[in-house]
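# Observations on the model geometry
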Amino acid sequence: MATEALRTPNSLTRPIYRPVNRTVERSFFAGMAILLCVVVVIGFTPTYFGAGMLHAPLPSPILHFHGAAFTLWMVLYLVQSALISARRVAWHRSLGTIAFCLPPIMIVLGLIAAIDAFRRGVRIGPLEPTVSLAIPLLGIVSFAIVIFAAWRARRRPDAHKRLILLATIGLTEAAFGRFPWSQIGFPPAAGAVTGLGVLVLLVLAYDLISLHRIHRSTLWAAPLIFAVGAFAVPIGMTSGWHSFAALLARTIYGPHI
């Protein structure tokens, strides 16, 4: 049994320690890593993993780099979680130094892929391209915010592990959106938000059970990740977003777009 520091209003300079069961903690975060990988594999098997990955017939070359980078992130996340479960903390830290070179690449590739899809007029379900653009673009922005906070908190394991988990949860919305929801009469967009919400609720429930409170990192990152997933489409339907998309198109592709 280990402890985790808590602070109360009457004890701002002296932390109060609540026992934290490290075995349960390692099991939870390792289990979540496995669950997220399963979600990604299920969601992307028809169009990516089951189609040959690098040999998959994707509509744009950039998507091959995009898919490879995000797949590598999921593999690294699973390996890092396994190292912590095996108590190989030194290995975890060494690999983490290398692993954190990947998010900037992911962010750039994600932005390029989103803009490329917008240029090609890609629709997500019945949504027009301008609205569809909001989903990946806002998702990448929220991932960048949370993953940067995770990097800053790398010397605070309690915050770091939660922020990494929540940032990765945000990435699963695309996989959830590819689940066969229509076969059960459920709209894919609603299914994606529901799946995202369930994962976020698992993190909140773990905090409440283990700490008897919501960890302060979870307190801001969880609502951000869920809100972006839930409100990207409504934001994409606003006149302000349409103006932004038009400006983006003119800036990148010229006035003929």
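All of the points below concern the structure found in this document.

### Brief notes about the overall build of the protein chain
Assigned secondary structure in the protein chain consists of 10 helices and two strands. Relative to a compact globule of 257 residues, whose C-alpha radius of gyration would be 18 Å, the protein chain shows 19 Å and is just as compact. Each principal axis of the C-alpha atoms in the protein chain carries an extent, and together these give about 60 × 40 × 40 Å. Looking at the protein chain as a whole, 43% of its 257 residues are labelled buried. Restricting the contact set of the protein chain to residue pairs at least 6 apart, pairs at least 24 apart contribute 63%.

### A short note on empty space enclosed by the protein
Within this structure, the stated rule accounts for one cavity of 30 Å³ or more. Here the largest cavity is characterised by a volume of approximately 60 Å³. Along its surface, the largest cavity is lined by G139, S142, F143, A167, G170, L171, E173, I225, V228 and G229. Each residue belonging to the lining of the largest cavity can be placed in one class, and the counts come to five nonpolar, four polar and one charged.

### Re the packing of aromatic side chains
Throughout the structure, instances matching the rule amount to 10 aromatic pairs. Geometrically, the ring pair formed by F29 and Y206 is edge-to-face, given 5.7 Å between the ring centres and 80° between the ring planes. Of the two residues, F29 sits in helix α1 (residues 22–44) while Y206 sits in helix α8 (residues 188–211), which places them 177 residues apart along the sequence. Across the pair, exposure class does not vary: F29 and Y206 are buried alike. If you follow R88 out to its NZ or CZ, it ends over the ring of W91, 5.1 Å from the centre. Over the face of the ring belonging to W151 we find R154, whose NZ or CZ atom lies 4.2 Å from the ring centre.

### Focus: the pattern of salt bridges
Under the definition given, this model contains five salt bridges. Put simply, K161 and E25 hold a salt bridge, and the shortest N to O gap is 3.0 Å. Of this pair, K161 sits in helix α6 (residues 157–171) while E25 sits in helix α1, and the two are 136 residues apart along the sequence. One salt bridge in this structure joins D207 and R162, with 2.8 Å as the shortest N-O distance. Placement of D207 in helix α8 and of R162 in helix α6 is noted, with a sequence separation of 45 residues between them. The residues D207 and R162 share a single accessibility class, namely buried.

### Description of the packing of helix α2 (residues 62–85) against α6
Look at α2 against α6: their axes get within 12 Å of each other, and the N-to-C directions meet at 145°. At the point where α2 passes α6, the crossing takes the left-handed sense. Listed contacts from α6 to F70, W73, M74 and Y77 of α2 are I164, L165, T168 and L171. When grouped by side-chain class, the residues that make up the contact of α2 with α6 number seven nonpolar, one polar and no charged.

### Digging into the nonpolar core
Core analysis: the biggest nonpolar cluster contains 51 residues, and W73, M106, L165 and I169 have the highest contact counts within it. Elements with a minimum of two residues in this core: α1, α2, α4 (102–119), α5 (129–152), α6, α7 (173–176), α8 and α9 (216–236). Dropping the residues within four chain positions of it, W73 is found in contact with A99, L102, P103, M106, I147, I164, T168 and L171. A114, F118, A134 and L248 belong to the second-largest nonpolar core, a separate cluster that totals 10 residues.

### Brief notes about a nonpolar patch on the surface
A contiguous nonpolar surface patch, about 320 Å² in accessible area, is contributed by I34, V38, I42 and L78. Here L78 shows up in helix α2.

### Some points on the packing of α2 against α4
Remark: α2 packs on α4, axes separated minimally by 9 Å, with the N-to-C direction vectors making an angle of 145°. Considering only the axes of α2 and α4, their crossing is left-handed. Across the interface between the two elements, I62, L63, F65, H66, A69, F70, L72, W73 and L76 of α2 pack against L102, P103, M106, L109, G110, I112, A113 and D116 of α4. Its residues assigned to classes, the contact of α2 with α4 shows 14 nonpolar, two polar and one charged.

### Observations concerning helix α3 (residues 89–99)
Taken together, the buried positions of α3 are H92, G96 and A99. Buried positions in α3, seen along its axis, are confined to an arc of 60° and lie on one side of it. Opposite the buried face of α3, by more than 90 degrees, sit the exposed residues A90, W91, R93, T97 and I98. Of the surrounding secondary structure, the elements contacted by the buried residues of α3 are α2 and α4.

How each quantity is defined
- Residues numbered from 1 in each chain as written.
- Predicted model: local features only at pLDDT ≥ 70, side-chain atom pairs only at ≥ 80, totals over all residues.
- Heavy atoms only, no water.
- Helix = DSSP H or I, 4+ residues; strand = E, 2+ residues; numbered from the N terminus.
- Rg over C-alpha atoms; globule rule 2.2 N^0.38 Å.
- Buried < 20%, exposed > 50% of the residue type's maximum accessible area, 1.4 Å probe, protein only.
- Contact = heavy atoms within 4.5 Å.
- 1 Å grid on protein atoms, 1.4 Å probe; cavity = no way out; pocket = protein on both sides within 12 Å on 5 of 7 lines; lining within 4 Å.
- Points joined across faces, edges and corners; volume = space filled by probe spheres on them.
- Nonpolar A, V, L, I, M, F, W, Y, C, P; charged D, E, K, R; others polar.
- Phe/Tyr/Trp six-rings, centres within 6.5 Å; stacked < 30°, edge-to-face > 60°.
- Lys NZ or Arg CZ within 6 Å of the ring centre and 35° of its normal.
- Salt bridge = Lys/Arg side-chain N within 4 Å of Asp/Glu carboxyl O.
- Axes fitted to C-alpha atoms, helices over the stretch in contact; angles between N-to-C directions.
- Left-handed = near helix turned anticlockwise from the far one by under 90°.
- Core = buried A, V, L, I, M, F, W, Y, C linked by side-chain atoms within 4.5 Å.
- Patch = residues over 30% accessible without salt bridge, like charges linked within 9 Å, V, L, I, M, F, W, Y side chains within 5 Å.
- Areas by Shrake-Rupley, 256 points an atom, 1.4 Å probe, with all protein chains shown as cover.
- Arc of directions from axis to C-beta.

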